[in-house]
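Each chain, letter by letter, is given below.
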Amino acid sequence: MPKGNHKHRAKRFDEGAKLLASLFNSRAIAVFGAAFVIPIAQGRYDVFAHGGGLLVTAGVSFHLAGQAALRFLRAED
């Protein structure tokens, strides 16, 4: 396999992995926002009541999935 082709394939794979990580991290931000903004907008200041703790757990899980996706980055050398 030519060296330039390997480098190109690694770059394409890395971009896909970065896009996947960005997707998971943006989902985490949205879920965290929902966990804190919705209860406060409704006048309830106990964020962890009524499923708020579940949303925070889901947000952390999405963030960890994004970090795990970055582990798949390939070396271009």
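Just above, that's the structure.
Cut-off values and rules
- Residues numbered from 1 in each chain as written.
- Predicted model: local features only at pLDDT ≥ 70, side-chain atom pairs only at ≥ 80, totals over all residues.
- Heavy atoms only, no water.
- Salt bridge = Lys/Arg side-chain N within 4 Å of Asp/Glu carboxyl O.
- Helix = DSSP H or I, 4+ residues; strand = E, 2+ residues; numbered from the N terminus.
- Buried < 20%, exposed > 50% of the residue type's maximum accessible area, 1.4 Å probe, protein only.
- Patch = residues over 30% accessible without salt bridge, like charges linked within 9 Å, V, L, I, M, F, W, Y side chains within 5 Å.
- Areas by Shrake-Rupley, 256 points an atom, 1.4 Å probe, with all protein chains shown as cover.
- Expected span 1.5 Å × (residues − 1).
- Arc of directions from axis to C-beta.

**Q** Explanation requested: the pattern of salt bridges in the structure shown.
**A** A pair can form between side chains of opposite charge whenever their charged atoms are brought close. Evaluated as defined, the whole model comprises one salt bridge. Glu 15 serves as the salt-bridge partner of Lys 18, at 3.0 Å between the closest nitrogen and oxygen. Of this pair, Lys 18 and Glu 15 both sit in helix α1 (residues 3-41), three residues apart, which is roughly one turn of that helix. On the basis of relative accessible area, Lys 18 is assigned to the partly exposed category, the value being 38%. Residue class for Glu 15 comes out partly exposed when judged on its relative accessible area of 42%.

**Q** Looking at this structure, I do not really get a nonpolar patch on the surface. What am I missing?
**A** Taken together, Phe 36, Val 37, Ile 40, Tyr 45 and Phe 48 make up a surface patch of nonpolar side chains, about 560 Å² in accessible area. Inspection of the secondary structure puts Ile 40 in helix α1.

**Q** Honestly, helix α2 (residues 52-70) in this entry has me stumped. Any pointers?
**A** Every α-helical turn comprises 3.6 residues, leaving residues that sit three or four positions apart pointing alike. Compared with the 27 Å implied by 1.5 Å per residue over 19 residues, the 28 Å span of α2 between its first and last C-alpha is a close match. Of the positions making up α2, those classed as buried are Gly 52, Val 56, Gly 59, Gly 66 and Ala 69. The buried residues of α2 occupy an angular sector of 145 degrees when the element is viewed end-on, so they sit on one face. Turned more than 90 degrees away from the buried face of α2, the exposed residues are Leu 54 and Leu 64.

It is worth stressing that arrangement in space is one thing and function is another; only the former is reported here.
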